[in-house]
Amino acid sequence: MAASVGRICGAKLLKRNTTNVITQISSFSTVREWAGNNRKLLTSLGIVAGGAGALIFALDQSVKASELELHAPEYPWSHSGYLASLDHASIRRGYEVYKNVCAACHSMRFMCYRNLVGVSHTEDEAKAEAAEVQVMDGPNELGEMFERPGKLSDHFPSPYPNEQAARAANNGAFPPDLTYIVSARHGAEDYIFSLLTGYCDAPAGVQLREGQYYNPYFTGGATSMAQAIYDEVIEYEDGTPAYASQLAKDICTFLKWAAEPEHDQRKQMLLKSFFMFSFLCIISFYYKRHKWTVLKSRKIEFRPKSKKC
Amino acid sequence: MSLATTINNLLFKRTSTFLLTVAACTFFFERTFDGSTEYLFEKLNEGKLWKHIKQNYEK
């Protein structure tokens, strides 16, 4: 308090002042120097900023309160951890699950067969995978479009030609593209795993329309996607027992890789930058000490001339 | 003449040799640093990377 009074009044309090009190007080105020418009502007700006902050806070709170859904628990993924890479055997199995189960309704438009090379498949295997699908190409010399077996550079085929066709085939619901789905959903792979394995009977009082299924993890509870993951719905080529949880875990790992293909590289960079920046920190610390020795070790002394009071 | 003086005279004294030293050191440092961190990363993720499972699929 004393400090702020001193700051506003400056040295005036120390001086003897013979003028009358009213002018003295008004000269202490710093607010007087602002023009009237400026003061109004600042006040309204403050009110607007405070109001906007309060509104954002209130909206954030209200959204949390209004959601009636189960939040996915955190699962111990083999790739969770600062330095844990993706499990590539799991990515390979996840691709099998995608190809045989998910691809019936969901597209992965931004993935190419070449992306699999060196990640989950060898080049020959990826070529064989691509050759299994027929791709529309052309026009040829006659100006006609033709179909040919897929190549490494081809994208994964979409089950429907466009969104309208997908909606028409799925009771009005659009099966989302799965390429970036892990990044696009709150809870990421935990959510997807919970959603895939969380189907159950609707509780009493919940009305489901024709073609809807109950899933507590889906916002609103009613989803148009039927349960797709069952025990042994496919058979893995590497002989892993294909239980529903295993299938869901593998597809989640695959989708995680699809959404973040740079995942392993990024974590490796983290390791490198950790060592590199520690090294640079030590050097900067030493360099600073080195350069400041002169300043830090000198002594400044103030010797006033003795006054006779 | 001590070792430090020898090094200083041979490598650091002239700008040309100094820069050459920096360039050469960068090369060797980068190779060893990258190699060792990659080895450590692969050790930490033993059995999970493509490198560790690809022999199962290559003919």
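- As recorded by an unreviewed UniProt entry, chain B carries the name Complex III subunit 9 and is attributed to Aquatica leii.
- Its UniProt record gives chain B the following Subunit (unreviewed entry) comment, quoted word for word: "Component of the ubiquinol-cytochrome c oxidoreductase (cytochrome b-c1 complex, complex III, CIII), a multisubunit enzyme composed of 3 respiratory subunits cytochrome b, cytochrome c1 and Rieske protein, 2 core protein subunits, and additional low-molecular weight protein subunits."
- Listed in UniProt under the heading Subcellular location (unreviewed entry), the comment for chain B reads: "Mitochondrion inner membrane".

- Per an unreviewed UniProt entry, chain A carries the name Cytochrome c1, heme protein, mitochondrial and comes from Aquatica leii.
- Under the heading Function (unreviewed entry), UniProt records this for chain A: "Electron carrier protein. The oxidized form of the cytochrome c heme group can accept an electron from the heme group of the cytochrome c1 subunit of cytochrome reductase. Cytochrome c then transfers this electron to the cytochrome oxidase complex, the final protein carrier in the mitochondrial electron-transport chain."
- What the UniProt record of chain A gives under Sequence similarities (unreviewed entry) is the line "Belongs to the cytochrome c family."

**Some points on the overall build of chain B**
Moving on, step 1. For chain B, the count of helices and strands is three helices and zero strands.
Moving on, step 2. Dimensions along the principal axes, computed over C-alpha positions, put chain B at roughly 60 × 20 × 15 Å.
Moving on, step 3. A total of about 4,600 Å² of accessible surface is found on chain B, and carbon and sulfur atoms cover 66% of it.
Moving on, step 4. Within chain B, the 6 negative side-chain charges are centred at a point lying 6 Å from the centre of the 8 positive side-chain charges.

**Some words on the nonpolar core**
All names here are of chain A.
Moving on, step 1. Ranked by internal contacts, the top residues of the largest apolar core, which has 43 residues, are Met 108, Phe 156, Phe 254, Leu 255 and Trp 257.
Moving on, step 2. The element best represented in this core is helix H9 (residues 244–259), accounting for 10 residues.
Moving on, step 3. Beyond its immediate sequence surroundings of up to four residues, Phe 156 is in contact with Tyr 95, Tyr 98, Met 108, Met 111, Cys 112, Tyr 113, Leu 116 and Phe 254.

**Topic: the interface of chain A and chain B**
Moving on, step 1. Each partner contributes residues to the interface: chain A has 23 residues there, and chain B has 15 residues.
Moving on, step 2. Across the chain A to chain B interface the summed buried area is about 1,700 Å²; carbon plus sulfur atoms make up 70%.
Moving on, step 3. The salt bridge partner of Lys 272 of chain A is Asp 34 of chain B, with a shortest N-O separation of 3.3 Å.
Moving on, step 4. The interface formed by chain A and chain B contains eight residue pairs in polar contact (both at pLDDT 80 or more).
Moving on, step 5. Elements with a contribution of two residues or more to the side of chain A that touches chain B: helix H4 (88–100) and helix H10 (263–297) of chain A.
Moving on, step 6. It is H10 of chain A that contributes the most residues to the side of chain A that touches chain B, seven residues altogether.
Moving on, step 7. Taken together, the residues of the side of chain A that touches chain B break down into eight nonpolar, eight polar and seven charged.

**Here's the deal with the UniProt feature "domain: Cytochrome c" (unreviewed entry) in chain A**
Moving on, step 1. Using the residue numbers shown here, the UniProt feature "domain: Cytochrome c" (unreviewed entry) corresponds to residues 89–241 of chain A.
Moving on, step 2. Along residues 89–241 of chain A one finds 27% helix and 8% strand; the C-alpha atoms at either end are 14 Å apart.

**Quick notes on the packing of aromatic side chains**
Moving on, step 1. Taken as a whole and judged by the stated rule, the model has 16 aromatic pairs over all chains.
Moving on, step 2. Ring geometry for Phe 27 of chain B and Phe 28 of chain B: centres 5.3 Å apart, planes at 80°, overall edge-to-face.
Moving on, step 3. The exposure class of Phe 28 of chain B is exposed, given its relative accessible area of 56%.
Moving on, step 4. Among the aromatic residues, ring-to-ring pairing joins Tyr 95, Tyr 98, Tyr 113, Phe 156, Phe 254 and Trp 257 of chain A into one connected group.
Moving on, step 5. Of note, Arg 93 of chain A hangs over the ring of Tyr 236 of chain A, and the distance from its end group to the ring centre comes to 5.9 Å.
Moving on, step 6. Across from the ring centre of Trp 292 of chain A, 4.8 Å away, lies the NZ or CZ of Lys 288 of chain A, which sits over that ring.

**Considering a nonpolar patch on the surface**
All names here are of chain B.
Moving on, step 1. On the surface, Leu 3, Ile 7, Leu 10, Leu 11, Phe 12, Phe 18, Leu 19 and Val 22 cluster together to form a nonpolar patch covering roughly 740 Å² of accessible area.
Moving on, step 2. Among the secondary structure elements, those contributing two or more residues to the nonpolar patch are helix H1 (3–12) and helix H2 (15–44).
Moving on, step 3. Residue contributions to the nonpolar patch peak at five residues, all from H1.

**Details of the confidence of the model for chain B**
All names here are of chain B.
Moving on, step 1. For chain B, per-residue confidence averages 94 on the pLDDT scale, and 100% of positions sit at 70 or higher.
Moving on, step 2. For chain B, per-element mean pLDDT is lowest for H1, which scores 92, and highest for H2, which scores 96.
Moving on, step 3. Across the interfaces of the predicted complex, the ipTM metric reaches 0.87, alongside a pTM of 0.77.

**Some thoughts on the pattern of salt bridges**
Residues and elements named next belong to chain A.
Moving on, step 1. Here the structure, examined in full by the defined rule, presents 22 salt bridges over all chains.
Moving on, step 2. The salt bridge partner of Arg 93 is Asp 250, with a shortest N-O separation of 2.8 Å. Of this pair, Arg 93 sits in helix H4 while Asp 250 sits in helix H9, and the two are 157 residues apart along the sequence.
Moving on, step 3. Assessed through its relative accessible area of 9%, Arg 93 is described here as buried.
Moving on, step 4. Residue Asp 250 is classed as buried on the basis of its relative accessible area of 0%.

What counts and what doesn't
Residues numbered from 1 in each chain as written. Chains lettered and ligands numbered in written order. Predicted model: local features only at pLDDT ≥ 70, side-chain atom pairs only at ≥ 80, totals over all residues. Heavy atoms only, no water. UniProt positions renumbered as here; feature names shortened; annotations may be inferred. Helix = DSSP H or I, 4+ residues; strand = E, 2+ residues; numbered from the N terminus. Areas by Shrake-Rupley, 256 points an atom, 1.4 Å probe, with all protein chains shown as cover. Lys, Arg positive; Asp, Glu negative; His and termini not counted. Charge placed at Lys NZ, Arg CZ, Asp CG, Glu CD. Core = buried A, V, L, I, M, F, W, Y, C linked by side-chain atoms within 4.5 Å. Buried < 20%, exposed > 50% of the residue type's maximum accessible area, 1.4 Å probe, protein only. Contact = heavy atoms within 4.5 Å. Buried area = accessible area lost by both parts, 1.4 Å probe. Salt bridge = Lys/Arg side-chain N within 4 Å of Asp/Glu carboxyl O. Polar contact = N/O pair within 3.5 Å; in protein donor to acceptor, adjacent residues only side chain to side chain. Nonpolar A, V, L, I, M, F, W, Y, C, P; charged D, E, K, R; others polar. Phe/Tyr/Trp six-rings, centres within 6.5 Å; stacked < 30°, edge-to-face > 60°. Lys NZ or Arg CZ within 6 Å of the ring centre and 35° of its normal. Patch = residues over 30% accessible without salt bridge, like charges linked within 9 Å, V, L, I, M, F, W, Y side chains within 5 Å. pLDDT = per-residue confidence, 0-100.

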